[in-house]
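Chain residues, written in single-letter form:
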Amino acid sequence: MEALLRRELGYGSVKATGHSGGGCISQGQSYDTDRGRVFVKVNSKAEARRMFEGEMASLTAILRTGTVRVPKPLAVLDGPGGGSVLVMEHLDMRYLSSHAATLGAQLADLHLDNQRLGEALRKEDSTVGRGGGQVERAFVDQFGFDVVTCCGYLPQVNDWQKDWVVFFAQQRIQPQMDMVERESGDREARELWAALQLKIPDLFRDLKIVPALLHGDLWGGNVAEDASGPVIFDPVSFYGHSEYELAIAGMFGGFSGAFYSAYHSRIPKAPGFEQRLQLYQLFHYLNHWNHFGLGYRGSSLNIMRNLVR
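Each value, and the rule that gives it
- Residues numbered from 1 in each chain as written.
- Predicted model: local features only at pLDDT ≥ 70, side-chain atom pairs only at ≥ 80, totals over all residues.
- Heavy atoms only, no water.
- Salt bridge = Lys/Arg side-chain N within 4 Å of Asp/Glu carboxyl O.
- Helix = DSSP H or I, 4+ residues; strand = E, 2+ residues; numbered from the N terminus.
- Contact = heavy atoms within 4.5 Å.
- Phe/Tyr/Trp six-rings, centres within 6.5 Å; stacked < 30°, edge-to-face > 60°.
- Buried < 20%, exposed > 50% of the residue type's maximum accessible area, 1.4 Å probe, protein only.
- Lys NZ or Arg CZ within 6 Å of the ring centre and 35° of its normal.

**Description of the pattern of salt bridges**
Move 1: Applying the stated criterion across every chain yields a total of 21 salt bridges.
Move 2: D226 serves as the salt-bridge partner of R69, at 2.6 Å between the closest nitrogen and oxygen. Of the two residues, R69 sits in the loop between α2 (48-65) and β4 (73-78) while D226 sits in strand β9 (residues 223-226), which places them 157 residues apart along the sequence.
Move 3: Close ionic contact of R266 with D109 constitutes a salt bridge, the shortest N to O distance being 2.7 Å.

**Points about unusual backbone geometry**
Move 1: Positive phi, close to 65°, is recorded for D206, a residue that is not glycine.
Move 2: We note that D234 has phi near 50°; this positive angle belongs to a residue other than glycine.
Move 3: In this structure, D234 sits in the loop between β10 (229-232) and β11 (238-240).

**A look at the environment of V157**
Move 1: Mapping V157 onto the fold places it in the loop between β7 (154-155) and α4 (164-184).
Move 2: Between the alpha carbons of V157 and P175 there is a distance of 8.1 Å; along the sequence they are 18 residues apart.
Move 3: Residues within four places of V157 in sequence aside, it is in contact with F167, Q171, R172 and P175.

**Some points on the packing of aromatic side chains**
Move 1: A full pass over the atoms with the stated rule returns 18 aromatic pairs.
Move 2: Seen from their ring centres, W164 and F238 are 6.4 Å apart, and the 10° between their planes marks the pair as stacked. Here W164 is found in helix α4, whereas its partner F238 is found in strand β11, with 74 residues between them in sequence.
Move 3: Judged by its relative accessible area of 0%, F238 is buried.
Move 4: Centroid distance Y244 to Y280: 5.6 Å. Interplanar angle 65°. Geometry classified as edge-to-face. Taken as a pair, Y244 in the loop between β11 and α6 (245-249) and Y280 in helix α8 (residues 273-292) lie far apart in primary sequence, 36 residues in all. Each member of the pair, Y244 together with Y280, is buried.
Move 5: By the ring-pair criterion, three or more aromatic residues cluster together here, those being F143, W164, F167, F168, F204, F238, Y244, Y280 and F283.
Move 6: The ring of F238 has R172 lying over it, and the distance from NZ or CZ to the ring centre is 4.2 Å.

Structure below.
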């Protein structure tokens with residue numbers, strides 16, 4: 001790995017540190033270089049490059065908003081023993097505690113960034129004698145993302161769609177249900193999904209949704225803090241409904257009341273929030289079912305039963 005980093009990134013010296021980490025998908029290791037410390041994620045799977053390129057694009061997109069801190073991505077490289085590696089800035093992170101409220105406020109700012117960008121562009125267009133070109137980033141008026149991102153190791157369909165309900169049903173839930181069908185042919189899941197599809201539009205009645213840049217997998221294991229404030233990492237970004245972000249955050253804990261209070265002070269709950277949160281959690285339970293097996297079947301079916309009543 002040291003030779004790869006020297007050759008591909010032009011470092012004069014590279015030395016492994018004692019800092020390592022990882023989860024159920026990839027492993028990581030920090031290296032000291034003559035240009036600072038970097039963190040390298042390693043995955044030996046053949047599809048790892050697609051996964052890491054999606055993560056790099058996600059980190060870059062969040063970074064450009066200037067709202068919440070993420071590690072700066074540096075490069076995606078072919079791994080020395082196959083697979084791929086993602087090289088990024090090393091951050092000296094610890095468990096999120098004292099900066100939870102700040103994270104809530106900054107996450108809301110991330111979700112509002114595209115909306116504010118659109119408002120700024122409209123204001124610029126309506127200003128007589130404007131300088132022109134004041135807003136450098138383009139407003140995104142559709143749901144999706146420019147590249148594939150992977151939630152876990154499963155690729156997400158990020159094709160651009162004008163309609164959020166269509167995007168979520170067809171490009172988030174349907175691919176997960178297709179995998180369930182291929183693996184287990186679960187009849188009850190199939191029947192519940194057929195009934196739920198008819199109900200989904202009602203959950204979004206009279207709701208105006210502006211595409212928001214999302215982290216996409218914001219559970220407690222993907223947030224932290226350092227001396228300067230909160231950090232989020234391992235994103236699987238796309239432009240979607242801001243409420244979607246809070247689904248997995250509420251499934252496994254790790255987020256305090258201060259986090260939610262700060263978030264909702266900037267983005268208040270809209271009518272029907274709780275039911276839509278269940279719908280969004282359905283995606284994550286199905287995704288866990290397809291990653292880790294039948295232990296998540298019961299939670300997936302219970303949500304569908306609740307929503308079709």
